[in-house]
Amino acid sequence: LPPPRMTRPHACVLYMLRVCCMCACGYWGGYSHRWWTRQAVAARMVPWATSSDGGGSIRIPASLVGCFGVKPTRGLIPMPPARGGVQSWLRVSVVGPTTRCVRDAAIYLDVTAGYDGRDADSIVRTPSSLVPKSYEAAIARALSQNVLAPMRTAVVRFAAELLPGIPVQPDLRVCFDACAERIRTLLGELGTTVHKRELSAEDISLPAFGDEWTLAVGAYRLARFDRQGLTRPEHAAQLDRSITALWPSIRRNFSIDATGEVFAKIAANNESLANVFRQCDLLVTPSLGLEAYPARGPPVQCAPRCVC
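Predicted, not measured: the structure shown is a model, and the values here were computed from it.

J.: What exactly am I supposed to notice about the overall build of the chain here?
T.: In terms of regular secondary structure, the chain is built from 13 helices and six strands. Each of the 308 residues in the chain was classed as buried or not, and the buried ones make up 39%. In the chain, the share of contacts with a sequence separation of at least 24, taken over all contacts with a separation of at least 6, comes to 71%.

Shown next, in the form of structure tokens:
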């Protein structure tokens, strides 16, 4: 893409951050809310931004520009679907904040978390030992007292690789191991007995369903656009090219069987992750463990697959 006019300093900063993000992970991230949200936060143009995350679209770009990204529990922040739209992108994606620090993210959650009957997944936020009345107050209390709520014992699992065959950047592995040791030390200082366990990609065994997921969601969206008359040439020309470019492929490849397959894989993905968390109290993974590749995109054999 061509750079913005050089007479717009903020736009130039965003463009350079955008290029850095693309060079590192091969996509802009947060498709539905575009690449610029994390870069605008990093450039201090805005204090925070709302993005969507299914397979890392908040967390990965945030980590690449030095920001803090949160993918909240499903239903914590209500996400009513557009009329005739797809519920949370087949109930895989949620919305959450990108901020410059943890405390700003806590403020964001205090404002946005709550029940909305229009969202079938929306949950009633009931304060408890695990759900604070105020996220900001809980963060402020922990920072002022320099303590965290201790656990008697904790099973901590560390997973540097989430998908078999995708290598972890060597220097990142060194940082990851150092982080794991710091977490173990911190919990030990709080009086917690830590049971540290490594977790391999084979242990997790997540299904890859990015292509099927994109096809199914795209078919739902295409049907909605068609009902609204937006697929007519004069209207389609005004839509983002990244949306309309997929329409021919969707029309050729979509089927009821393909939709059933993606729902089956989503269910298998959810069960695999649930099984991981039955075995541990804390799971630590890198936001992005891939080797960096040029802005033209990754080699076919290293193309990222959806992990949610």
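J.: Teacher, can you tell me more about the sheet that holds strand β3 (residues 94-99) here?
T.: Hydrogen bonds between backbone atoms are what pair the strands of a sheet, whose relative direction is either parallel or antiparallel. Here three strands make up an open sheet; going across it, the order is β1-β3-β2 and the pairing antiparallel. The open sheet is flanked by β1 (48-53) and β2 (68-69), the only strands paired with a single partner. Judged from the six bridges that link them, β1 and β3 form a sheet pairing that is antiparallel. Note that in β3 the partner of Trp48 across the bridge is Thr99.

J.: Could you clarify how one ought to interpret the packing of helix α9 (residues 210-227) against helix α13 (residues 256-278) in this entry?
T.: The angle between the axes and the distance between the axes are what describe a pair of packed helices. In the contact formed by α9 and α13, the axes pass within 9 Å of each other and the chain directions differ by 125 degrees. Here α9 is positioned oblique relative to α13, judged by the angle of their axes. Once α9 is placed against α13, the crossing between them reads as left-handed. Two secondary-structure elements touch here, α9 through Glu212, Trp213, Leu215, Ala216 and Tyr220 and α13 through Ala258, Thr259, Val262, Phe263, Lys265 and Ile266.

J.: So what exactly am I meant to see when it comes to the sheet that holds strand β4 (residues 153-158) here?
T.: Ordered by their spatial adjacency, three strands build an open sheet running β5-β4-β6, and the pairing between neighbours is parallel. Taken across any chain shown, the strands that pair with only one partner, and hence form the sheet edges, are β5 (193-198) and β6 (282-284). The sheet shows a mean angle of 25 degrees between the axes of neighbouring strands, direction not considered. Lying on the sheet, helix α7 (residues 170-189) is in contact with β4, β5 and β6; it crosses β5 at an angle near 160 degrees.

J.: How should I be thinking about the packing of aromatic side chains in this particular structure?
T.: Geometry of an aromatic ring pair is reported as the spacing of the ring centres plus the angle between the planes. Per the stated rule, a full pass over the model turns up two aromatic pairs. Ring centres of Trp48 and Tyr108 lie 6.3 Å apart, and the angle between their planes is 85 degrees; this geometry places the pair in the edge-to-face category. Of the two residues, Trp48 is situated in strand β1 and Tyr108 in helix α5 (residues 102-112); the sequence distance between them amounts to 60 residues. For the ring pair Phe225 and Trp247, a centre distance of 6.0 Å and an interplane angle of 50 degrees mean the geometry is tilted. Separated by 22 residues along the polypeptide, Phe225 in helix α9 and Trp247 in helix α12 (residues 247-253) bring together distant segments of the chain. You can call Trp247 buried: its relative accessible area is 6%.

J.: Which parts of the structure should I look at to understand unusual backbone geometry?
T.: Negative phi values dominate among residues other than glycine, just as trans dominates among peptide bonds. The phi angle at Arg44 is positive, at roughly 60 degrees, despite the residue not being glycine. Among the structural elements, Arg44 can be located in the loop between α2 (36-42) and β1. When its relative accessible area of 62% is taken as the criterion, Arg44 is described as exposed.

J.: Can you walk me through α5 in this structure?
T.: Note on helix geometry: an α-helix contains 3.6 residues per turn, so any two residues three or four positions apart are oriented the same way. Among the residues of α5, Asp104, Ala105, Ala106, Tyr108 and Leu109 are the ones counted as buried. Within two residues after α5, Gly114 carries a phi angle of roughly 160 degrees, on the positive side.

J.: What am I meant to see in the pattern of salt bridges here?
T.: Oppositely charged side chains are able to pair whenever their charged atoms sit close together. Summed over the entire model, instances satisfying the criterion amount to eight salt bridges. Salt-bridge contacts for Arg173 lead to Glu198; the nearest nitrogen and oxygen are separated by 3.9 Å. Of this pair, Arg173 sits in helix α7 while Glu198 sits in strand β5, placing them 25 residues apart in sequence. Arg173 gets classed as partly exposed once you look at its relative accessible area, which sits at 30%. Assessed through its relative accessible area of 45%, Glu198 is described here as partly exposed. Here Glu234 and Arg232 are joined by a salt bridge, their closest N and O atoms 3.4 Å apart. If you follow the salt bridges from partner to partner, you end up with Arg173, Asp177 and Glu198 in one network.

Procedures and definitions
Residues numbered from 1 in each chain as written. Predicted model: local features only at pLDDT ≥ 70, side-chain atom pairs only at ≥ 80, totals over all residues. Heavy atoms only, no water. Helix = DSSP H or I, 4+ residues; strand = E, 2+ residues; numbered from the N terminus. Buried < 20%, exposed > 50% of the residue type's maximum accessible area, 1.4 Å probe, protein only. Contact = heavy atoms within 4.5 Å. Pairing = 2+ DSSP bridges. Axes fitted to C-alpha atoms, helices over the stretch in contact; angles between N-to-C directions. Parallel < 35°, antiparallel > 145°, perpendicular 65-115°, else oblique. Left-handed = near helix turned anticlockwise from the far one by under 90°. Phe/Tyr/Trp six-rings, centres within 6.5 Å; stacked < 30°, edge-to-face > 60°. Salt bridge = Lys/Arg side-chain N within 4 Å of Asp/Glu carboxyl O.

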